[in-house]
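# Geometric and topological summary
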Amino acid sequence: MDGSAGHRHDPDRLPHTEQVIGSVPHASKADVDRAVAVARKAFDEGPWPRMTLDERIAVVSRIKDAIAVRHEEIARSISSQNGSPYSWSVLAQALGPMMVYDAAITVARAYPYEEHRQGVLGPILVRREPVGVVAAVIPWNVPQFVAAAKLAPALLTGSTVILKPSPEAPLDSYILADIAREAGLPEGVLSILPADREVSEYLVGHPGIDKVSFTGSVAAGKRVMEVAARNLTRVTLELGGKSAAVVLPDADVATAVAGIVPAAWMNNGQACVAQTRILAPAAGTRRSPRPSRRRPAHSSSATPSTRRPSSARSWPSGSGSARWTTSGSARRRARRSSRAAAARRTWNRAGTWSPPSSATSTTPCGSHARRSSARSSA
Amino acid sequence: MRIAREEIFGPVVCLIPYGDEAEAVRVANDSDFGLSGSVWTADVERGIDFARRIRTGTFNVNTFSLDMLGPFGGYKNSGLGREFGPEGLSEYLEHKMIHLPAGYEAGA
């Protein structure tokens with residue numbers, strides 16, 4: 001999308017200091033109409049779905065190779081937007097996507113697109129054909145990883161894509177746009193549109209879209225499904241989690257702690273798969289993991305790119321809304337819990353730093369955690 | 001307790017004591033979510049047996065990973081459909097059945 005006049009521009013802020021580092025135009029509904037029209041044309045009439053699989057693999061491989069070349073730039077861009085430590089961004093946002101593209105190519109090569117079967121009534125041929133125009137809606141916590149998870153399979157099948165990054169982390173998608181253009185994706189096969197919630201809903205509900213692939217919160221995922229249902233648009237939803245890490249009585253505690261701590265706090269807990277409920281035998285609770293004893297080493301002036309990975313125990317939260325949810329709920333809930341290790345009071349003035357904290361219940365959470373109208377915060 | 005039920009999306013963990021293994025399974029499953037989980041044990045077979053009783057789309061025994069050649073996604077409120085692996089590629093494909101005349105043989 002061009003950044004021409006007439007678009008609403010929102011500032012993009014450095015999460016550590018709230019300093020403005022860029023300004024991003026938000027797509028309008030007219031931009032969505034244009035993007036859908038070109039994606040539709042590229043799918044219905046263009047070369048992309050009509051190429052051989054090998055030709056599409058060659059283009060997707062060039063995207064992967066360019067990510068390898070530009071991995072430092074991508075990692076820096078993402079860290080400056082969502083506050084992830086640079087080391088994490090290199091791993092999760094450059095090496096991770098490269099693995100995703102590679103694995104998708106392996107899968108696409110082996111996939112049975114046509115299969116002859118002897119049916120009950122006679123012979124049949126089962127074909128798997130590209131779904132069409134895909135709206136890929138991605139979050140701010142691991143934008144390039146999730147973009148790859150959607151783009152790689154969609155492109156390899158011959159579908160065309162409109163990628164909608166989060167307003168909190170749109171800048172790295174401009175690098176991806178450059179990469180895709182240079183890799184030789186035909187006109188209209190990939191459009192990238194940062195958009196706010198209203199315009200995103202318009203995209204998801206657009207009758208020209210065949211499929212929505214969404215990663216984000218449960219609440220937003222339910223809304224996506226509701227809006228998509230109007231046109232029976234297909235959906236894939238990858239939403240939140242509250243995953244349990246269960247330490248059995250025979251486990252080696254040191255090994256379990258070494259495995260669970262990074263799985264609980266990766267990306268400052270801003271990961272759908274984070275292991276955030278740690279279940280330990282009551283008999284051994286005294287020896288069970290107590291991550292809050294690890295003192296978060298940080299200062300409010302540090303930025304992720306200047307911090308050594310080993311000291312990166314406390315990172316800024318990536319989105320303004322998540323900051324408030326985390327800080328408010330963590331403090332409130334830690335106070336309420338029966339034997340709480342209350343969150344440390346290390347919030348910086350901008351309120352963007354969230355220190356690691358843990359809460360221990362003397363009664364099993366199961367007795368409190370029956371299904372109810374639980375909502376998801378992010 | 002809400003802190004043990006809701007996704008905080010920040011550096012907050014909840015430590016929960018359990019009595020026996022059956023209770024651990026019950027508490028682990030007592031969630032609106034079903035995305036991931038892990039079990040830590042000296043006996044990998046016991047860990048696999050534990051994994052069979054958990055209602056989540058991914059699980060880990062004595063490790064923590066996210067493999068791109070298998071299906072990734074959630075049970076319950078954690079999502080719909082899968083990413084990665086052949087299952088994930090299928091999400092971008094429509095199935096079409098073409099009926100052929102009796103006696104037709106492929107490649108004949």
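### Some thoughts on the overall build of chain A
Helix and strand counts for chain A come out as ten helices and 13 strands. Within chain A, the proportion of its 378 residues that are buried is 59%. The long-range share in chain A, meaning contacts at least 24 apart out of those at least 6 apart in sequence, stands at 70%. Total accessible area on chain A is roughly 15500 Å²; 54% of this is exposed by carbon and sulfur atoms.

### Digging into the environment of B:Leu69
With respect to the element layout, B:Leu69 can be found in the loop between strand S3 (60-61) and strand S4 (79-80). Discounting residues that sit within four places of it in the chain, B:Leu69 has contacts with A:Ala103, A:Thr106, A:Val107, B:Gly85 and B:Pro86.

### Considerations on helix H9 (residues 253-265) of chain A
In an α-helix there are 3.6 residues to a turn, and that puts residues three or four apart on one side. Residue and element names in this part refer to chain A. Taking 1.5 Å per residue, 13 residues should reach 18 Å; H9 reaches 18 Å between its end C-alpha atoms and fits that length. Among the residues making up H9, those that are buried are Ala256, Val257, Gly259, Ile260, Val261, Ala263, Ala264 and Trp265. Backbone geometry just after H9 places Asn267 at a positive phi near 50°.

### Side note on the interface of chain A and chain B
Between chain A and chain B, the residue contacts involve 107 residues of the former and 72 residues of the latter. Of the roughly 8500 Å² buried between chain A and chain B on both sides combined, carbon and sulfur atoms contribute 61%. In this assembly, chain A and chain B are joined by five salt bridges. Here A:Asp250 makes a salt bridge to B:Arg46, at a shortest N to O gap of 3.2 Å. Counting every contact that joins chain A to chain B gives 37 residue pairs in polar contact (both at pLDDT 80 or more). Here the element with the most residues in the side of chain A that touches chain B is strand S4 (residues 123-130) of chain A; it accounts for eight residues.

### Describing the nonpolar core
Residue and element names in this part refer to chain A. Judged by nonpolar contacts, the single largest core of 58 residues is most densely connected at Ile63, Tyr101, Leu155 and Leu185. Once residues lying within four places of it in the same chain are set aside, the contact partners of Leu155 are Trp48, Arg56, Val60, Ile63, Val161, Leu185 and Val189. In terms of nonpolar packing, the next biggest core, distinct from the first, is built from 26 residues, Val137, Leu193, Val212 and Val227 among them.

### A few points about the sheet that holds strand S6 (residues 160-164) of chain A
Taken in spatial order, the six strands make up an open sheet running S7(A)-S6(A)-S5(A)-S8(A)-S9(A)-S4(B), and their pairing is mixed. Strands with a single pairing partner mark the edges of an open sheet, and in this sheet they are strand S7 (190-192) of chain A together with S4 of chain B. With four bridges connecting them, strand S5 (residues 133-137) of chain A and strand S8 (residues 211-215) of chain A associate as parallel partners. Across the sheet, residue A:Ala136 finds its bridge partner in S8(A), namely A:Ser213. Lying over the sheet, helix H7 (residues 197-204) of chain A contacts S5, S6 and S8 of chain A, oriented at roughly 160° with respect to S6(A).

### Section: the state of the cysteines
Counted under the stated rule, the structure contains zero disulfides over all chains. Here A:Cys272 stays unpaired: no disulfide links it, and the sulfur of B:Cys14, its closest cysteine neighbor, is 19 Å away. Take A:Cys272: its relative accessible area is 16%, and that puts it in the buried class. Using a relative accessible area of 1% as the deciding quantity, one classes B:Cys14 as buried.

About the thresholds
Residues numbered from 1 in each chain as written. Chains lettered and ligands numbered in written order. Predicted model: local features only at pLDDT ≥ 70, side-chain atom pairs only at ≥ 80, totals over all residues. Heavy atoms only, no water. Helix = DSSP H or I, 4+ residues; strand = E, 2+ residues; numbered from the N terminus. Buried < 20%, exposed > 50% of the residue type's maximum accessible area, 1.4 Å probe, protein only. Contact = heavy atoms within 4.5 Å. Areas by Shrake-Rupley, 256 points an atom, 1.4 Å probe, with all protein chains shown as cover. Expected span 1.5 Å × (residues − 1). Buried area = accessible area lost by both parts, 1.4 Å probe. Salt bridge = Lys/Arg side-chain N within 4 Å of Asp/Glu carboxyl O. Polar contact = N/O pair within 3.5 Å; in protein donor to acceptor, adjacent residues only side chain to side chain. Core = buried A, V, L, I, M, F, W, Y, C linked by side-chain atoms within 4.5 Å. Pairing = 2+ DSSP bridges. Axes fitted to C-alpha atoms, helices over the stretch in contact; angles between N-to-C directions. Disulfide = S-S within 2.5 Å.

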